[in-house]
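Here's the letter readout for the chains.
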Amino acid sequence: MKTWEKYSDFLLKGEWHVHTCYTDGKNNIDEYCQKAVDIGLPLIAFTEHVRKNLDYDFHSFLSDIEIAKEKYDLIILSGCEAKVLPYGELDVSTGVLKEIDYPIFAFHSFPKDTDLYFESLKKVLKNRYMNTWAHPGAFLMKNGLELPEEQLVDIFHSMNKMDVLLEINNKYQVPSDIWKNLSSKLGVKFVKGSDVHNVEHLFFNI
Ligand SMILES: [Zn+2]
Ligand SMILES: [Zn+2]
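As annotated in an unreviewed UniProt entry, the protein chain is Histidinol phosphatase from Methanosarcina mazei.

Structure, rendered in structure tokens:
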């Protein structure tokens, strides 16, 4: 069972993609939680950037989340945004994945090769920890690439089977309407994640 299934009422009402000052975000966990409560957000997920070799104290990140959980009347999830590497490895340690609620994955820098992209994505979707595909298709769009429909259908089938969510990301304006229509027909569920980097970008909108 994936963590999101426990909070499925909040998939489009919470904010499921937030970065803090542990990496490239501007605010700390306490400031985000205060703002979330102020604007009536029911859920916030901290999906910090990770690598296999972390350059910040992950336990301190988790302990800040525990402190915030005691302080605020808000669903607060620990998470990470792991980068997909060629051939479908993820740039995150299994130790981190075991400790958090909500691991998500994304394509950032990657070879401009759609077959490798497809193959890598298929492998990542089998990872039992992954909850969500973050800013789906943004890498392809930015590079003027497209997946053939049969590969898309294959991907969305796998997402449905593995209970992996498709992130609706208004910052990147993804997924496209074509992806949204096709994925929802194939039973894929959506989650709101805005890749928030400061409290000013935390909104209560559905
Ligand atoms: Zn990202
Ligand atoms: Zn992000």
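There is more to say, and it comes next.
Draft legend 1. Just the coordination of the zinc ion (ligand 2), in detail. Note on the zinc ion (ligand 2): its protein donors are H17 (NE2), H19 (NE2), E81 (OE) and D195 (OD). The metal-donor distances range over 2.1 to 2.3 Å. Here the zinc ion (ligand 2) binds four donor atoms, and the angle range of 87 to 176° at the metal identifies the geometry as irregular. Positions of the donor residues of the zinc ion (ligand 2) along the chain correspond to the pattern H-x1-H-x61-E-x113-D. Between the zinc ion (ligand 2) and the zinc ion (ligand 1), a spacing of 3.5 Å is present, and a bridge between the two is formed by E81. Residue H19 is found in the loop between β1 (15-18) and α1 (29-39), and its partner D195 is found in the segment after β7 (190-192); the two are separated by 176 residues along the sequence. Looking at H19, the relative accessible area reads 0%, which means it is buried.

Draft legend 2. View of unusual backbone geometry. Here the amide bond leading from V174 into P175 is cis, since omega sits at -5°, within 30 degrees of zero. The residue P175 is located in the loop between β6 (165-168) and α7 (177-185) in this model. Although it is not a glycine, H135 adopts a positive phi angle of roughly 30°. Within the secondary structure layout, H135 lies in the loop between β5 (132-133) and α5 (138-142).

Draft legend 3. Representation of the coordination of the zinc ion (ligand 1). Taken together, the protein ligands of the zinc ion (ligand 1) are E81 (OE), H108 (NE2) and H135 (NE2), with distances of 2.0 to 2.2 Å. Each donor residue of the zinc ion (ligand 1) belongs to the same chain, with the gaps between them written as E-x26-H-x26-H. For H108, a relative accessible area of 29% gives the class partly exposed.

Basis of the calculations
Residues numbered from 1 in each chain as written. Chains lettered and ligands numbered in written order. Predicted model: local features only at pLDDT ≥ 70, side-chain atom pairs only at ≥ 80, totals over all residues. Heavy atoms only, no water. Donors = N, O, S within 2.8 Å, 3.2 Å for Na, K, Ca; no water. Tetrahedral: all angles 85-135°; square planar, octahedral: opposite > 155°, others 65-115°. Helix = DSSP H or I, 4+ residues; strand = E, 2+ residues; numbered from the N terminus. Buried < 20%, exposed > 50% of the residue type's maximum accessible area, 1.4 Å probe, protein only.

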